[in-house]
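# Commentary on secondary and tertiary structure
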Amino acid sequence: MVNQQITDRQQRLESFLESVKAAQQLQDDIMKYGLDAAYLYCDDVEGDWLDTWGDDNDEPTYIEKMTTFLESDDAIAVKVREKLQNKSVSEIIEGLEYCLSQLTENKRIFAAKDLLVGGVAFAGSDRSSTNDMIDETELLDLAEDLLEKLTEILG
C-alpha cells in the first residue's frame, strides 16, 4: 500500500513536470516566433474557424432540455409541477441546478426533496395534524426519480 502511494505520487510528479516542460517550451516558442508560434501548435490557423464558431451547436442547451422535460407529460414532471405549482418553470430549473450542483448523491437527493417541499422546514415529528403532514418517503422517492430522470436527460 505504501509502495503504491509512493508510485502514485511519483507518477503525478512526473506528469506535472512534463506539463511544466511543455508550458516552458510553448513560452520559448512564443518568445522566439511571436504570433507565428500559433502555426506550430494549431492546425488550420488561417481557416474560417472563427467565422463558423458556434454554427455546430444544434444540440439543445441544458436549460432547454430541462424546460422541455418540465413542460412534458412525463409522470415525474407532472408530479413536480403539482408539488411546485406556485413556482415558475425558471424558478424550478434554478432550484434543480442547485440540487445537481451538490457533490454527493445524498445531498442532491435531500436538496431535491427540500425543493419539492417548497422550502418548508420540518419541525421534526411534532406535526399538529395529518392534513398538514408531508409524506417524506414519497418526497424522497420523487426526488430520487427526478434526479435519475435529469441525469438521463442531461447526460
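We now turn to the structure provided with this report.

How each quantity is defined
- Residues numbered from 1 in each chain as written.
- Predicted model: local features only at pLDDT ≥ 70, side-chain atom pairs only at ≥ 80, totals over all residues.
- Heavy atoms only, no water.
- Axes fitted to C-alpha atoms, helices over the stretch in contact; angles between N-to-C directions.
- Helix = DSSP H or I, 4+ residues; strand = E, 2+ residues; numbered from the N terminus.
- Parallel < 35°, antiparallel > 145°, perpendicular 65-115°, else oblique.
- Left-handed = near helix turned anticlockwise from the far one by under 90°.
- Contact = heavy atoms within 4.5 Å.
- Nonpolar A, V, L, I, M, F, W, Y, C, P; charged D, E, K, R; others polar.
- Salt bridge = Lys/Arg side-chain N within 4 Å of Asp/Glu carboxyl O.
- Buried < 20%, exposed > 50% of the residue type's maximum accessible area, 1.4 Å probe, protein only.
- Core = buried A, V, L, I, M, F, W, Y, C linked by side-chain atoms within 4.5 Å.
- Expected span 1.5 Å × (residues − 1).

Our focus in this paragraph is the packing of helix 4 (residues 75-83) against helix 7 (residues 136-154). Put simply, helix 4 and helix 7 touch, their axes get as near as 10 Å, and they point 125° apart. The orientation of helix 4 relative to helix 7 falls into the category oblique. Taken as a pair, helix 4 and helix 7 cross one another with a handedness that is left-handed. Here Ile76, Lys79, Val80 and Lys83 of helix 4 lie close against helix 7, whose contacting residues are Glu138, Leu139, Leu142, Asp145, Leu146 and Lys149. For the contact of helix 4 with helix 7, a count of residues per class yields 5 nonpolar, no polar and 5 charged.

The next thing to look at is the pattern of salt bridges. Once their charged atoms are close, side chains differing in charge can pair, the charge on each being opposite to the other. Under the criterion given, the structure shown has 4 salt bridges. Between aspartate 74 and lysine 149 there is a salt bridge, and its shortest N-O distance comes to 3.2 Å. Of this pair, aspartate 74 sits in the loop between helix 3 (62-70) and helix 4 while lysine 149 sits in helix 7, placing them 75 residues apart in sequence. Taking the relative accessible area as the measure of exposure, aspartate 74 reaches 22% and is therefore partly exposed. Glutamate 138 is paired through a salt bridge with lysine 83; the nearest N and O atoms lie 3.7 Å apart. Residue glutamate 138 is found in helix 7, and its partner lysine 83 is found in helix 4; the two are separated by 55 residues along the sequence. For glutamate 138, a relative accessible area of 44% gives the class partly exposed. Take lysine 83: its relative accessible area is 36%, and that puts it in the partly exposed class.

So, on to the nonpolar core. By size, the foremost hydrophobic cluster in this structure holds 23 residues, and its most contacted members are Phe69, Leu70, Val80, Leu96, Leu116 and Leu146. Where this core is concerned, the elements lending two or more residues are helix 3, helix 4, helix 5 (89-101), helix 6 (105-117) and helix 7. Among all residues touching leucine 116, those that are not within four sequence positions of it are Val80, Lys83, Leu84, Leu139, Leu142 and Ala143.

Let us now look at the packing of helix 5 against helix 7. The geometry of helix 5 relative to helix 7 is characterised by a closest axis approach of 12 Å and an angle of 90° between their N-to-C directions. Accordingly, the angle class assigned to the pair helix 5 and helix 7 is roughly perpendicular. Contact residues: Leu96, Cys99 and Leu100 in helix 5; Leu146, Leu147, Leu150 and Leu154 in helix 7. Looking at the contact of helix 5 with helix 7, its residues break down into 7 nonpolar, no polar and no charged.

For helix 6, built from 13 residues, the straight-helix expectation of 18 Å at 1.5 Å per residue is met to within 8% by its first-to-last C-alpha distance of 18 Å. What helix 6 keeps buried is the set Ile109, Ala111, Ala112, Lys113, Leu115, Leu116 and Val117. Looking at the buried side of helix 6, the elements it contacts are helix 4, helix 5 and helix 7. One or two residues past the end of helix 6 sits glycine 118, with phi positive at roughly 90°.

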